[in-house]
Amino acid sequence: MTVRKTERYDVVVVGGGAAGLSGALTLARARRSVLVIDAGRPRNAPAAQVHTYLGREGTPPLDLLATGRSEVAAYGGRVAEGEVVTAGRDDDGFLLGLGDGSAVRARRLLVATGLTDELPDVPGLAGRWGREVLHCPYCHGWEVRDLPIGVLGTGPWAVHQALLWRQWSADLTLFLHTAPALDDDQAERLAARGVTVVEGRVAGLEVTDDRLTGVRLADGRTVPRRALAVTSRLTARAAILETLGLKPVEHEMAGHVIGTHIAAGPTGATEIPGVWVAGNVTGLLDQVVAAAAAGVRAGAAVNADLIEEETAQAVAARRARAADATT
């Protein structure tokens, strides 16, 4: 679909993942004119299935999004492929510039652009990302249960991560890699749970017949593994928000920075009036079902804000008519 330069919507949703589409569906069902602009780069595209999403368990991510687009369209919402490259505000609302040179106007914005996973600097990780290189046990743990699993230590949360993944397999190895040295308490806890600890840098992965078979260390050793859990840095895709003056802030967990996010209130409202966010761009740890729920909350809040504006305008118009009638 080509967006015409003069089009104006109640709401433009930037980002067509679970959060953006859920927000758009909520708004379309509220009889709002809504346009979703999606760049087509979903974070979970490498994964085979979506998990822990009640009623959608095991659905391929791209199938889930295709269904969502159809549902939005069924209520009159529109979905366009494209990329928003600029955003500004004037007396007529928001003006968005698209990558193809066209533009579109909106009374309100809902930004659900997600995040980027920045992987540790180990050769081979990116090529196995979403397959045997995993980040979330609740998303992928069942699929690798009882297999030999490795955990790549890259920060102070490595021990926590190893103990968490131990729930899914008794054959668990923590590669310390760049993580801090263990203290006595940490070493005892890992030993009590039967977690093997391997010191030394990880240099790469061993892959046989397009399947992960081992983790290669810098000293030449290879430890057989069938899956490897990593911690990525979670970086909000916030370029379009930055053009409006919204800067990402660091996100801390247990006192350590794990990435960046856009600060927002419980419904996704940002410090800029008329701009909401939903999904991983603000909730870095949200799984798909949580991102979808956040989209619904944000959509409802945007609709409520528009109702307040329209009611105020209607009251002002009514008073003006009454004043004219008395003169």
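Because the structure is predicted, anything quoted here is derived from the model rather than measured.

A. The arrangement of the overall build of the protein chain in detail. The number of helices and strands found in the protein chain is eight helices and 19 strands. In terms of principal-axis extent, the alpha carbons of the protein chain reach across some 90 × 40 × 35 Å. Counting across all 327 residues of the protein chain, residues that qualify as buried make up 46%. Accessible area of the protein chain: about 15900 Å², with a carbon and sulfur share of 52%.

B. Here's a closer look at the state of the cysteines. In this structure the tally under the stated criterion is zero disulfides. Cysteine 139 takes part in no disulfide bond, and the closest cysteine sulfur, belonging to cysteine 136, lies 3.0 Å away.

C. Focus on the sheet that holds strand β12 (residues 202–208). Strand order in the open sheet formed by three strands is β12-β13-β14, and the pairing between neighbours is antiparallel. This sheet does not close on itself; its edge strands, each paired only once, are β12 and β14 (222–224). Strand-to-strand, the axes of this sheet are offset by a mean angle of 30°, without reference to chain direction. Where strand β13 (residues 211–217) and β14 come together, three bridges link them in antiparallel fashion. Of the residues in β14, the one forming a bridge with valine 215 is valine 223.

D. Spatial organisation of the packing of aromatic side chains. Applying the stated criterion across every chain yields a total of two aromatic pairs. Ring geometry for tyrosine 138 versus tryptophan 168: centroids 5.5 Å apart, planes at 85°, classification edge-to-face. One end of the pair, tyrosine 138, is in helix α4 (residues 137–140); the other, tryptophan 168, is in the loop between α5 (158–165) and β10 (172–175), with 30 residues separating them in the sequence. Take tyrosine 138: its relative accessible area is 47%, and that puts it in the partly exposed class. Here the aromatic rings of tryptophan 165 and tryptophan 168 are separated by 6.4 Å at their centres, their planes lie at 55°, and the arrangement is tilted. With respect to class, tryptophan 165 is no different from tryptophan 168; both count as buried. Of the aromatic side chains, those joined through ring pairs into one cluster are Tyr138, Trp165 and Trp168. The positively charged end of arginine 145 is found above the aromatic ring belonging to tryptophan 142, 4.1 Å away from the centroid.

E. Layout of the pairing of strand β2 (residues 34–38). Counting buried positions along β2 yields five of five residues, so the element is predominantly enclosed. Side chains Val34, Val36 and Asp38 project from β2 onto one buried face, and the interleaved Leu35 and Ile37 project onto a second face that is buried too. By the bridge criterion, four bridges tie strand β1 (residues 8–14) to β2 in an arrangement that is parallel. Paired with valine 14 across the bridge in β2 is isoleucine 37. In this view, the connection linking β1 to its parallel neighbour β2 by way of helix α1 (residues 18–29) has right-handed handedness. The pairing of β2 with strand β3 (residues 78–81) spans four bridges and is parallel.

F. Inspection of the sheet that holds strand β11 (residues 196–198) at higher detail. Spatially, five strands are ordered β8-β15-β9-β10-β11 in an open sheet, and the strand pairing comes out parallel. On the outer flanks of this sheet lie β8 (133–134) and β11, each paired with one strand and no other. Lying over the sheet, α5 contacts β8, β9 (149–152), β10 and β15 (227–229), oriented at roughly 165° with respect to β9.

G. Spotlight on the pattern of salt bridges. Tallied over the entire structure, the rule returns 22 salt bridges. Arginine 108 is the partner of aspartate 305 in a salt bridge, and the nearest nitrogen-oxygen pair spans 2.6 Å. Here aspartate 305 is found in helix α8 (residues 288–325), whereas its partner arginine 108 is found in strand β6 (residues 103–111), with 197 residues between them in sequence. Assessed through its relative accessible area of 28%, aspartate 305 is described here as partly exposed.

Calculation rules
- Residues numbered from 1 in each chain as written.
- Predicted model: local features only at pLDDT ≥ 70, side-chain atom pairs only at ≥ 80, totals over all residues.
- Heavy atoms only, no water.
- Helix = DSSP H or I, 4+ residues; strand = E, 2+ residues; numbered from the N terminus.
- Buried < 20%, exposed > 50% of the residue type's maximum accessible area, 1.4 Å probe, protein only.
- Areas by Shrake-Rupley, 256 points an atom, 1.4 Å probe, with all protein chains shown as cover.
- Disulfide = S-S within 2.5 Å.
- Pairing = 2+ DSSP bridges.
- Axes fitted to C-alpha atoms, helices over the stretch in contact; angles between N-to-C directions.
- Phe/Tyr/Trp six-rings, centres within 6.5 Å; stacked < 30°, edge-to-face > 60°.
- Lys NZ or Arg CZ within 6 Å of the ring centre and 35° of its normal.
- Right-handed = clockwise from strand over helix to strand, strands pointing away.
- Contact = heavy atoms within 4.5 Å.
- Salt bridge = Lys/Arg side-chain N within 4 Å of Asp/Glu carboxyl O.

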